[in-house]
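# Summary of the model geometry
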Amino acid sequence: MSNYDSGNDSILEMYIFESETLLDQLEEILLQSEDNAELTPDDINEIFRIMHTIKGSSAMMEFDMLAHSAHKLEDLFFVIRENGIKPEDFGDLMDLVLNFSTFLKGEVEKIKNNETLLDENEELTGETDAFLNRIKGLVTETPEQAQAQAMENQSDDESITLAAAMEDDLFGDVNFDETRNDADTDHEVSLSSDDKPHVYCIHTRFNEDSQMENIRAFMLVNKLESIGKVSKTVPEQLNNNPEAAGIILKNGFFCHVETTADKETIENIALSILSVKSIEFLDCAQEEIIEPEIEAKPEVVETGKKTPEKVVDANKQKNNVQNLISVDLNKLDTLMNLIGEIVITESMVFGSVGMEGKRDESFEKASTQLQKLTDELQDIVMSIRMIPISGTFKKMQRIVRDVGKKLKKEVEFITMGESTEVDKTIIDGIADPLMHLVRNAMDHGLESAAERIAVGKNPVGKVILSAQNVGGDIIISVSDDGKGLDPAGILEKAKEKKLLVKPEEEYSEKEILNLIMAPGFSTKETVTEFSGRGVGMDVVKKNIEKVGGSISIESEKGSGTNIFLKIPLTLSIISGMEVLVGEDIYEIPISNIRETFKITANQLIKDPDNNEMVMIRGVCYPLIRLHDIFEDKKCETHIEDGILMLVDSGDTFACLFMDDLIKKHQIVVKPIPKYLNHYSIKNSGIAGCTILGNGSISLIVDIPAILDHY
């Protein structure tokens, strides 16, 4: 690993973000190409561009091993671009590059966590060299090509530094860059006719969405230094100067270069830098410092072609580009916390009264306006945190592909509702549970091709991942058309594991299916790479409940299984019902409430174990008294004097008994202080707390925990 200065955090963060984005794009292209059973020229060029970018940026950051690995793949796709790939080699190519992608993602994750990188990966490098030699054997190499390849292989054995990477881009990899024509592949630096140095005044513009313009300009200067001398730049300071990026984005990058090379060479060098949109040669006869306002008629060179009469107006182009910026999630969390404080303060202000107990008319107007603006601000901040779930769904495609190959199962992976937006924190929390559910569908759910044919099914199984917005919640389902769950087998297995808490005959089918989420439960007889250890569905349930969600299961033996995840849109600010239990006030999330009602004493029934039950429209629900859970002695004991609330968590329902309902309002969820953890607060039915308008603290009831324990 390099001794990179960790003080340049903004550049490192941009490197990590760019690398992760590019590797996700690489994986998406590969999986799509594998589905189509072909690599199109556009796909090859895009993969080559991705690896070229990762190589250059990794070398710039002095992550030599990452740069070397990306260079290996770049070499591979250069050969594929020139010679193509035979059908019999296609599958091995996909496996190799996807393994490389996984390896590179792991190394980038190490950088993010400030861990030590590997010095090399001999196994993958060896596989790449072997595959490269294999496909090169399909074509006859000329002596010149063999010599060039020998020199290239020799350079690969050396550590790629920033200067070496740039020199390699200029001379060794000139014909690699996708922006150049085939006629430019053997281009050598040509001299001016008089072989005397000439000063060129250059104006370069980068793509509006390129980011790190100052670093890209710094790379351009380094490349130009290899053929001459750069005597002047505007802005002057490029490295470690964040302000330079904004100046270059607005005005472009200006520089003087003194060189014996001709304009065409300079153009090729400039256009080899990623995200360079155009280069203009200005009239530098005057001895003035380069300024953005220079009015000389420029000669515009764009995508390698001279177009003197066509000058690209960058300002006009900006209207067609969506303005996006990358923001640290911690900053959004801080902003969300501030919005929460504003909501609390608003409730305090709105609930205040005048000296005589009446609100002033002007105060009413101001309060109403404050409430309106606060709601709008809250909606905007919430929308900023919302991102499509498509990124998580695409990652599942890789899991389906890898597990399918290892288990030798043909699978059609279908996704629906990828555009559904969810809070970033929630998406991070459900990624692992989704991965486990998809693996389960592949391993447990889907039969082998022979078994499917034997029962009259299509040998190609289906795994469907869908998401949809229902009210204030997101419903995500993982479905398969496999063999389904066997209730009798599950019940027998649970009996062996001593997981039953009541007689077998009293379990409904849904309760039996929910037993697979008990700790230590597994229907797999043998331990495999993917299952059989008895650790899985219980962790999935805990992780889903951790983000305020619930899980339910539907299955039909022989037809398949559907697993539904119900999760909230966000965790920070939710709608809650303020309720009175004795003399204390509690909050119950609106998403868990189905209805509230009153009953008489004769409507209260008891089961054989003397547990209280309530009959609602022909269905019996258990009655849970919140006074007993929270040990509140000062309470309404008569059923007629209180209120019942029907609540649910997934497929589990119950009626809660409390003294009264107060009001529905927005609540800001605050975590329980860490020093209270040793009191097992969370196991007592408390999910968090919030601050009321009068400044007092109200506890938030953990409905899933209560329904599980009581």
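Everything numeric in this text was worked out from a predicted model, so none of it was measured. (Residues numbered from 1 in each chain as written. Predicted model: local features only at pLDDT ≥ 70, side-chain atom pairs only at ≥ 80, totals over all residues. Heavy atoms only, no water.)

## Describing the overall build of the chain
Looking only at helices and strands, one finds 21 helices and 24 strands in the chain. In the chain, which comprises 710 residues, the proportion classed as buried is 44%. Of the roughly 37,200 Å² of accessible surface on the chain, 50% is carried by carbon and sulfur atoms. (Helix = DSSP H or I, 4+ residues; strand = E, 2+ residues; numbered from the N terminus. Buried < 20%, exposed > 50% of the residue type's maximum accessible area, 1.4 Å probe, protein only. Areas by Shrake-Rupley, 256 points an atom, 1.4 Å probe, with all protein chains shown as cover.)

## Thoughts on helix α15 (residues 424–445)
Relative to the 32 Å expected for 22 residues at 1.5 Å per residue, α15 spans 30 Å between its end C-alpha atoms, a close match to the ideal helical length. A maximum bend of about 35 degrees is found in α15 at I430, where proline P433 lies one to four positions downstream. Capping the start of α15 is the job of one residue whose side-chain oxygen sits 2.8 Å from the backbone nitrogen of T425: D423. (Expected span 1.5 Å × (residues − 1). Bend = angle between axes of the 7 residues up to and from the residue. Polar contact = N/O pair within 3.5 Å; in protein donor to acceptor, adjacent residues only side chain to side chain.)

## Let's talk about the sheet that holds strand β23 (residues 686–691)
Spatial ordering of the open sheet is given by β22-β14-β15-β24-β23, a layout of 5 strands whose pairing is mixed. Since the sheet does not close on itself, it has two edges, and those belong to β22 (660–668) and β23, each with one partner. On average, each strand axis in the sheet is tilted by 35 degrees relative to the strand beside it, whichever way the strands run. Sheet analysis places β23 next to strand β24 (residues 697–701), joined by 5 bridges and oriented antiparallel. (Pairing = 2+ DSSP bridges. Axes fitted to C-alpha atoms, helices over the stretch in contact; angles between N-to-C directions.)

## Remarks on the packing of aromatic side chains
Evaluated as defined, the whole model comprises 5 aromatic pairs. Centroid distance Y15 to F63: 5.3 Å. Interplanar angle 45 degrees. Geometry classified as tilted. Linking Y15 in helix α1 (residues 9–36) with F63 in the loop between α2 (41–60) and α3 (64–83), this pair joins segments that are 48 residues apart in sequence. For F63, a relative accessible area of 2% translates into the label buried. Residue placement shows R81 over the ring face of F48; its charged tip is 4.6 Å from the ring centre. The ring of F657 carries the charged tip of R625 above its face, separated from the ring centre by 5.0 Å. (Phe/Tyr/Trp six-rings, centres within 6.5 Å; stacked < 30°, edge-to-face > 60°. Lys NZ or Arg CZ within 6 Å of the ring centre and 35° of its normal.)

## Some remarks on a nonpolar patch on the surface
Side chains of L335, L338, I380 and I384 sit close together on the surface and give an oily, nonpolar patch of about 350 Å² of accessible area. Breaking the nonpolar patch down by element, the ones donating at least two residues are α12 (329–350) and α13 (361–385). Mapped onto the fold, L338 is located in helix α12. (Patch = residues over 30% accessible without salt bridge, like charges linked within 9 Å, V, L, I, M, F, W, Y side chains within 5 Å. Salt bridge = Lys/Arg side-chain N within 4 Å of Asp/Glu carboxyl O.)

## Some words on the sheet that holds strand β18 (residues 612–616)
Spatially, the 6 strands line up as an open sheet ordered β16-β20-β21-β19-β18-β17, and their pairing is mixed. Looking at strand neighbours, the two that pair on one side only are β16 (593–597) and β17 (604–606), the edges of this open sheet. Going across the sheet, the axis of each strand differs from the next one's by a mean of 35 degrees, ignoring polarity.

## A word on the pattern of salt bridges
For the structure shown, the criterion picks out 27 salt bridges. A salt bridge links K112 to E20; its shortest N-O distance comes to 2.7 Å. Taken together, the residues span a long stretch of sequence, with K112 in helix α4 (residues 87–112) and E20 in helix α1 at a distance of 92 residues. We classify E20 as partly exposed; its relative accessible area is 27%. K495 is the partner of E504 in a salt bridge, and the nearest nitrogen-oxygen pair spans 2.9 Å. Residue classification places E504 among the partly exposed residues on the basis of a relative accessible area of 31%. Because the salt bridges share partners, they merge into one network encompassing D24, E27, E34, D95, K105, R398, R401, D402 and K405.

## With respect to the environment of E447
Positionally, E447 belongs in the loop between α15 and α16 (449–454). Among the residues examined, E447 registers a relative accessible area of 9% and is labelled buried. Along the sequence, E447 and G461 sit 14 residues apart, while their C-alpha atoms lie 7.8 Å from each other.

## What to know about unusual backbone geometry
A cis amide bond links V234 to the next residue, P235, at an omega of 0 degrees. Even without glycine at this site, K408 takes up a positive phi of about 55 degrees. In this fold, K408 is placed in the loop between α14 (390–407) and β8 (411–416).

## Comments concerning the confidence of the model for the chain
The predicted coordinates ought not to be read in detail in places where the model reports low pLDDT. Averaged over every residue, the pLDDT of the chain is 76; the share at 70 or more is 77%. Mean pLDDT across the elements of the chain bottoms out in helix α7 (residues 162–172) (37) and peaks in β16 (91). Across residues 1–7, confidence stays below pLDDT 50; counting only partners more than four residues off in sequence or on other chains, it has 11 contacts. pLDDT under 50 marks residues 286–322. Its contacts with residues more than four places away, or in other chains, come to 55 contacts. (pLDDT = per-residue confidence, 0-100. Contact = heavy atoms within 4.5 Å.)

## Concerning the packing of α4 against α14
Pairs of packed helices are described in terms of their axes, by the angle between the two and the distance that separates them. Running from amino to carboxyl end, α4 crosses α14 at an angle of 125 degrees, the nearest separation of the two axes being 13 Å. Considered as vectors, α4 and α14 are oriented oblique to each other. Two packed elements cross with a definite hand, and for α4 against α14 that hand is left-handed. Counted together, M94, D95, L98, N99 and T102 of α4 and R398, R401 and K405 of α14 form the full contact between these two elements. (Parallel < 35°, antiparallel > 145°, perpendicular 65-115°, else oblique. Left-handed = near helix turned anticlockwise from the far one by under 90°.)

## Focus: the pairing of strand β13 (residues 560–568)
Of the strand pairs in this sheet, strand β11 (residues 473–480) and β13 are connected by 8 bridges, and their pairing is antiparallel. Bridging from a neighbouring strand, S477 pairs with F564 of β13. In this sheet, β13 lies alongside strand β12 (residues 550–556) in antiparallel orientation, the contact comprising 7 bridges. Across the sheet, S555 pairs through a bridge with T561, a residue of β13. Turn length for the β12-β13 hairpin, with the two strands adjacent in sequence and antiparallel, is 3 residues, and the turn residue G558 shows positive phi of about 90 degrees.

## Overview of the state of the cysteines
Under the criterion given, the structure shown has 0 disulfides. The thiol sulfur of C255 is not disulfide-bonded, and the nearest other cysteine sulfur, from C201, lies at 7.9 Å. (Disulfide = S-S within 2.5 Å.)

## Quick notes on the environment of G484
One can find G484 in the loop between β11 and α17 (487–496). A C-alpha to C-alpha distance of 5.1 Å links G484 and T561, two positions 77 residues apart in sequence. Apart from residues no more than four positions distant in its own chain, G484 is found in contact with S555, E556, K557, G558, G560 and T561.

## Let's talk about the packing of α2 against α3
With their axes 8 Å apart at the nearest point, α2 and α3 run at an angle of 155 degrees to one another. In terms of their interaxial angle, α2 and α3 are classed as roughly antiparallel. Crossing handedness for the pair α2 and α3: left-handed. Across from I44, N45, I47, F48, M51, H52, I54, K55, S58 and A59 in α2, the residues of α3 making contact are L66, A67, A70, H71, L73, E74, F77, F78, I80 and R81. Of the residues that constitute the contact of α2 with α3, the class distribution is 13 nonpolar, 4 polar and 3 charged. (Nonpolar A, V, L, I, M, F, W, Y, C, P; charged D, E, K, R; others polar.)

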